[in-house]
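Residue-level structural notes
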Amino acid sequence: MATHCAPFTSNLRNPSPPTTTHPHSHTLQSHNCTTFTGGLKFTPSLNLKVSAMEPKSSVRVQAASSSSFGDLAVMVNDCSGKMGGAVAEAAVGAGLQLVPVCLTGPGLGRSFSVQGVSVEAVDSRDREGVMDQVLKEYPNVVVVDYTLPAAVNGNAEFYCSRGLPFVMGTTGGDREKLIEDVLKSGVYSVIAPQMGKQVVAFQAAMAIMAEQFPGAFSGYKLQVTESHQSTKVDTSGTAKAIIGSFQKLGLAYDMEEIEMVRDPKRQIEEMKVPEEHLNGHAFHTYRVVSPDGMVNFEFQHNVCGRSIYAEGTVDAVLFLAKKIRERADKKLYNMIDVLREGNMR
Ligand SMILES: NC(=O)C1=CN([C@@H]2O[C@H](COP(=O)(O)OP(=O)(O)OC[C@H]3O[C@@H](n4cnc5c(N)ncnc54)[C@H](OP(=O)(O)O)[C@@H]3O)[C@@H](O)[C@H]2O)C=CC1
Ligand SMILES: O=C(O)C1=N[C@H](C(=O)O)C[C@H](O)C1
């Protein structure tokens, strides 16, 4: 098993391979803007060149370049997906070494480039061999997982079995089992359904309120609506986490009651999602009403694009690398821990 406790050392390996551009490649673009009620906005963009590839049982993994973070490297599964792509781009932008291979869903692999780094996405059924090579070349790798709810537990079991520190951004799956498996394995990890700093701060504020004033909203009614791109398969993990605090505040609520909106027409007309963000948005509204209807609260966080999560994920990777370097006793963290320790840029 590889060790992941080495301090950062300068480790110049092989020079970067040339970026390959497949003749049939196309460019995926996603523009991001984040809008909270206060009106915060930013607009980076994501550029991935993607092309179809034959399935591979082995890949050649060569260190792409050295970085200002020594030999720390980040492997993003699946950086051919929407969120993984945004994280890969943010990681390269932050000066981190991106492992030029990642795991993708069963089927055809893909090759593409992220900010000039050529990446091969390989069928996850070949993960053992892929990881042997990754660990050989990048012993100080931190894995980031943005895959699908159905893959969460299997992927986490795999990372644990290989002693790989990881950031799990993927939502869904059996969350209790996920935590149990990680604790049993003793790997370092950050697991959170929400990586966006300001949303994490809101999540933390609700958790603090619940802890300090349990039952303060007893008898009140809660109504939750979450709207996401139509490709999102599960109910918002963030909504579930925040509802946990509302429940402690005394509101009776079943997670099944969460209203999921995935219909673009409704998103534009009713939720006021900007059309250009139909493919990447997360609008959450929590309404709290007194039994007699005389008192109303409304909490809302509306995010367009994915850069807020991508930047937070990079913060989580750096946080985890620090904990590994310090050989911290605590090994399992969430994003509130990362925020609390002042590790979010
Ligand atoms: N924590 C946070 O802040 C955030 C969390 N998320 C979560 O991230 C997850 C991904 O979302 P999104 O990027 O939009 O989804 P996408 O569908 O765009 O990407 C998921 C990718 O995972 C791949 N995949 C499926 N199974 C596996 C596997 N076993 N191993 C490796 N890769 C696999 C898919 O490949 P294929 O297409 O071949 O199946 C696909 O490319 C969701 O759970 C979402 O809720 C999203 C935003 C923020
Ligand atoms: O799938 C998404 O897009 C998002 N997923 C996370 C969730 O389920 O809470 C975070 C954010 O809502 C975006």
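Residues numbered from 1 in each chain as written. Chains lettered and ligands numbered in written order. Predicted model: local features only at pLDDT ≥ 70, side-chain atom pairs only at ≥ 80, totals over all residues. Heavy atoms only, no water.

Looking at an unreviewed UniProt entry, one finds the chain named 4-hydroxy-tetrahydrodipicolinate reductase, with Ceratodon purpureus as its source organism. Under the Subcellular location (unreviewed entry) heading, UniProt states for the chain: "Plastid, Chloroplast". In the Sequence similarities (unreviewed entry) part of its UniProt record, the chain is described as follows: "Belongs to the DapB family." (UniProt positions renumbered as here; feature names shortened; annotations may be inferred.)

**A closer look at the site of ligand 1**
Surveying the vicinity of ligand 1 reveals 23 residues, the closest of which are Asp78, Met83, Thr171, Met195 and Lys232. Here an oxygen atom of ligand 1 and a backbone polar atom of Lys82 are 2.9 Å apart. Between ligand 1 and Arg110 there is a distance of 3.5 Å, counted from an oxygen atom to a side-chain nitrogen or oxygen. When contributions to the shell around ligand 1 are tallied by element, the ones reaching two or more residues are helix 1 (82–93) and strand 5 (101–104). Partitioning the shell around ligand 1 into residue classes produces nine nonpolar, 10 polar and four charged. (Near = heavy atom within 4 Å. Polar contact = N/O pair within 3.5 Å; in protein donor to acceptor, adjacent residues only side chain to side chain. Helix = DSSP H or I, 4+ residues; strand = E, 2+ residues; numbered from the N terminus. Nonpolar A, V, L, I, M, F, W, Y, C, P; charged D, E, K, R; others polar.)

**Side note on the UniProt feature "domain: Dihydrodipicolinate reductase C-terminal" (unreviewed entry) in the chain**
Listed under "domain: Dihydrodipicolinate reductase C-terminal" (unreviewed entry) in the UniProt record, and renumbered for this structure, are residues 199–339. Annotation note: span residues 199–339, helix share 40%, strand share 22%, distance between end C-alpha atoms 11 Å.

**Overview of the sheet that holds strand 9 (residues 166–168)**
As summarised here, the arrangement of the six strands in space is 4-3-8-9-10-15, forming an open sheet in which the pairing is parallel. Taken across any chain shown, the strands that pair with only one partner, and hence form the sheet edges, are strand 4 (97–98) and strand 15 (332–333). Pairing analysis gives three bridges linking strand 9 to strand 10 (residues 189–191), with the strands arranged parallel. Bridge pairing in strand 10 links Val167 to Val190. (Pairing = 2+ DSSP bridges.)

**Thoughts on the nonpolar core**
Ranked by size, the top nonpolar core spans 48 residues in total, and within it Val167, Val190 and Met335 carry the most contacts. Put simply, the parts of the chain that give this core at least two residues each are strand 3 (73–77), helix 1, strand 6 (109–114), strand 7 (117–123), strand 8 (141–145), helix 5 (197–212), helix 8 (307–325) and helix 9 (335–340). The element best represented in this core is helix 8, accounting for 10 residues. Split by domain, this core shows at least three residues from each of two domains, domain 1 (27–51 + 196–304) and domain 2 (73–193 + 309–341). With sequence-adjacent residues up to four places away left out, Met335 is seen in contact with Val190, Ile191, Ala192, Gln194, Met195, Val200, Gly312, Ala316 and Met344. Membership of the second largest hydrophobic core comes to 26 residues, among which are Met75, Leu164, Phe166 and Ile191. (Core = buried A, V, L, I, M, F, W, Y, C linked by side-chain atoms within 4.5 Å. Buried < 20%, exposed > 50% of the residue type's maximum accessible area, 1.4 Å probe, protein only. Domains from an automatic or database assignment. Contact = heavy atoms within 4.5 Å.)

**Points about a nonpolar patch on the surface**
A cluster of nonpolar residues, Met294, Val295 and Phe297, forms a patch on the protein surface that exposes about 290 Å² of accessible area. Among the structural elements, Val295 can be located in the loop between strand 13 (281–289) and strand 14 (296–304). (Patch = residues over 30% accessible without salt bridge, like charges linked within 9 Å, V, L, I, M, F, W, Y side chains within 5 Å. Areas by Shrake-Rupley, 256 points an atom, 1.4 Å probe, with all protein chains shown as cover. Salt bridge = Lys/Arg side-chain N within 4 Å of Asp/Glu carboxyl O.)

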